[in-house]
Each structure stands twice: as structure tokens, then as C-alpha cells.
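As a plain string of letters, each chain reads:
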Amino acid sequence: INAEYGVKMVTLILVIVTALLAVETAPSIKSNKTPQEMKAFWTADRILNSKPQIPHFKDTSLDSFEKREQLEYEESEIGYEYIPEELPDLDPEVLIPEELIKLKLSNFSNFIGKRYQHTRDGAFTSSRVIPSGSNHAAPYLRVCKVLFVNSKGADSICSGAIINSRVIATAGHCVHSGNGDESGWYQNFVVIPDYRSGIAPYSSWVATNVLTTYSWYYGGGFAGNDADFGLIVVADINGIRIGKRLGYFGYKTNNLVNNHVTMLGYPANLDAGEKMHQVNSAYKRLKSPNCVEYPSDMGGGSSGGPWVQDFGEPALGQSIIGYPNICLLYTSPSPRDS
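Source: prediction; values computed, not measured. (Residues numbered from 1 in each chain as written. Predicted model: local features only at pLDDT ≥ 70, side-chain atom pairs only at ≥ 80, totals over all residues. Heavy atoms only, no water.)

What about the overall build of the chain?
Next up, step 1: Scanning the chain for helices and strands turns up six helices and 22 strands.
Next up, step 2: Counting the 338 residues in the chain, one finds 55% classified as buried.
Next up, step 3: Counted over contacts in the chain with a minimum sequence separation of 6, partners at least 24 positions apart contribute 79%.
Next up, step 4: Carbon together with sulfur atoms contributes 49% to the accessible area of the chain, which is approximately 15000 Å² in total. (Helix = DSSP H or I, 4+ residues; strand = E, 2+ residues; numbered from the N terminus. Buried < 20%, exposed > 50% of the residue type's maximum accessible area, 1.4 Å probe, protein only. Contact = heavy atoms within 4.5 Å. Areas by Shrake-Rupley, 256 points an atom, 1.4 Å probe, with all protein chains shown as cover.)

A short note on the state of the cysteines
Next up, step 1: As enumerated under the stated definition, the model contains one disulfide in all.
Next up, step 2: Residue Cys-158 pairs covalently with Cys-174 via a disulfide, S to S 2.1 Å. The disulfide joining Cys-158 to Cys-174 has a torsion of about -80° about its S-S bond and is therefore left-handed. Here the residue Cys-158 occupies a position in strand 9 (residues 155-162), and Cys-174 occupies one in the loop between strand 10 (167-170) and strand 11 (187-193), the gap between them amounting to 16 residues. There is no split in this pair, since Cys-158 and Cys-174 are both buried. (Disulfide = S-S within 2.5 Å.)

Some thoughts on the packing of aromatic side chains
Next up, step 1: Per the stated rule, a full pass over the model turns up 11 aromatic pairs.
Next up, step 2: Relative to Tyr-186, the ring of Phe-148 lies with its centre 5.3 Å away and its plane at 5°, an arrangement referred to as stacked. With Phe-148 in strand 8 (residues 143-149) and Tyr-186 in the loop between strand 10 and strand 11, the pair connects residues that are 38 residues apart, well separated along the chain.
Next up, step 3: What makes Phe-148 buried here is its relative accessible area of 0%.
Next up, step 4: Relative to Tyr-266, the ring of Tyr-195 has its centre 6.0 Å away and its plane inclined at 80°; by these criteria the two rings are edge-to-face. Pair noted here: Tyr-195 is in the loop between strand 11 and strand 12 (199-200) and Tyr-266 is in the loop between strand 16 (260-265) and strand 17 (277-282), with a separation of 71 residues, a long-range link.
Next up, step 5: Three or more aromatic residues joined by ring pairs form one cluster here, namely Trp-185, Tyr-214, Tyr-217 and Tyr-218.
Next up, step 6: A cation sits over an aromatic face here: Arg-46 above Phe-41, 3.9 Å from the ring centre.
Next up, step 7: A cation over a ring is seen here: Arg-142 above Phe-249, with NZ or CZ 5.6 Å from the ring centre. (Phe/Tyr/Trp six-rings, centres within 6.5 Å; stacked < 30°, edge-to-face > 60°. Lys NZ or Arg CZ within 6 Å of the ring centre and 35° of its normal.)

Details of the pattern of salt bridges
Next up, step 1: Applying the stated criterion across every chain yields a total of seven salt bridges.
Next up, step 2: Between Arg-46 and Asp-155 there is a salt bridge, with its nearest N and O atoms 2.9 Å apart. Here Arg-46 is found in helix 3 (residues 44-48), whereas its partner Asp-155 is found in strand 9, with 109 residues between them in sequence.
Next up, step 3: Under the relative-accessibility criterion, Asp-155 is labelled buried at 17%. (Salt bridge = Lys/Arg side-chain N within 4 Å of Asp/Glu carboxyl O.)

None of this, on its own, says anything about what the molecule does.
Listed below in C-alpha cells is the structure:
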């Protein structure tokens, strides 16, 4: 259960993401903002006061959703992890002065709960990414904080993951309100890989195009939408693509039942969203429409963060059937429990 919002995290089948990568007719919008304009816009004060973006919640309980015993899956789509020959040197950009970060954290009223949960809602472990500095290693550095202005004009935050040389995957409710209209698009997107405590270690990357699915675009903006996916295409920096510099996750569809994952993101209810957070969690149950539940305590702000199968690097003596660091899903909350 999410302590701040009282929701569970729900997985959604990822087939639509591969479709978005190939289909140019998906709902999209272009951005012509320059890095200079975005740097001037996203001041330290704006970033500090940005709020998590979450979808609307219908007055319904999870149990009102039809339970699914079986799903007829299509054959899985697979995209493979890319690892650069050398990781880049750190090129830190200070977005928020250290003293303001300390003030924010000193005023943060943290959720009081157990780190290691084992309740009726499922078992998981939860921790900030440690030790400090390990977030600069692959594959952590491919996880991004996403800044944007939502359709109501509010400065907002989500999470995302690099899945292609220029493409960031996130949640649909992190790019569009779901109102079925051009007015629902969010604006002023900036993607910050490996963000930590006001620092952008590998620069800030500005969006050129933003896409979502038809189902989310026309879906009313409610949680539990099984196509709550979005993509952000970012401009190169000095001729270098974000994924070629930092590498990118693989992806695979139709592989969430009876599995376990590592969830990553920037939940505002934990460390005030200033540090990357990690949850290791296992499959809980199927839910209609076409959704799968995994337990987590990450709240708003973690939306759009990756759920990764076979996370990390295998040791000598281990083997992985398939490929490591494959994204299966991007975090989206489910309807509230009543």
C-alpha cells in the first residue's frame, strides 16, 4: 500500500510501448523549446516545489475489478539492453543548491512504516539506492527524473527509463491528462538521468517529441487504464544521444505473471523524491482490465519508473535465461482501495 496516496502499484502489459516505437500515428506533440529556454525556466525553486503527477481515482475498490484467472497473451516483443563500451565521465550540473536540499529534507515529514513489508498485500523490500554513488553505475544511471508542467499549469514530476538511443519510457499520465484533447498535453519536459539531491550528473535533456497511446489519450485520465504509457524523445547534446552515452534498458512484453522485478524511481513520499529508490517485489495477482499487481510502498513521483527483470550483473557461476536488465513495465497506480 502506498503510504501517501493509499494506492497499490499495478503493472500494465507493455505491448503498446513497442507499438509506439514503430507507429507514427500515435497521439503526439512536438516541442521546440531549446536547452537554454528550459534551463532558464526550471529554476531551483520550481524544481523544489514540483508535485508528483498522479491519475484520477474513480470511486471504486480494487475488488470491484473482475479477477482474471488466465490471460491469452500474444507472443512477447523483446528489445535488448545496450551497454556502451565505456561509461561517460561525470559532468555534474547543480540544479538546486545543497543548502536548499538540506532545508527541504529537514522539513520533510517522512512516512512512518516498515522497510520490509509482509502483509496481506504482498511482500517486498524497499530502500533508497545505496551506497551513495552506486546510482552512477549501470543500470541505475538509466533511470530518470522527469520534470514538466501539467495541463493545469502545475510544475510536476515523474520518473522514466532510457529504452532507446533517444527514447525515455514513462507513464501516460506523466505526459497527457487523458481528456481526449490537444489541451491535455503537458509542456516543458526535461529529463534528468541519475538525478540525486539537486544534481544532474549527466546533464538535463530536453524533449523534442512526446507520445502516448490512444487508450490513455481518450481514457479520461483514470487510474487502472491498461495502456497508461508514454514516450519522451529527447534532443542530442553536442551531437551525442542519451542512450548511446549512458546505455539503455531492454524491454519485454507479456512476462509479468509469476515473476519478480526491481522497481526504480523517485517517489515523493520517500526521501522527498530527492534520491532514487528501489523496491524488490513479486507478482501478487491478476486484475482486469489486463493488469497485474505487484506490491510497493513507492508513491507519486515514482510513476513511469521501470520494473526490471534480472536486474544488475550476473556473478561468475550464474546464468540468466534470456537477457539481463529487461524492462517489463513502467509504474502506474491502480484505483484506491475503498
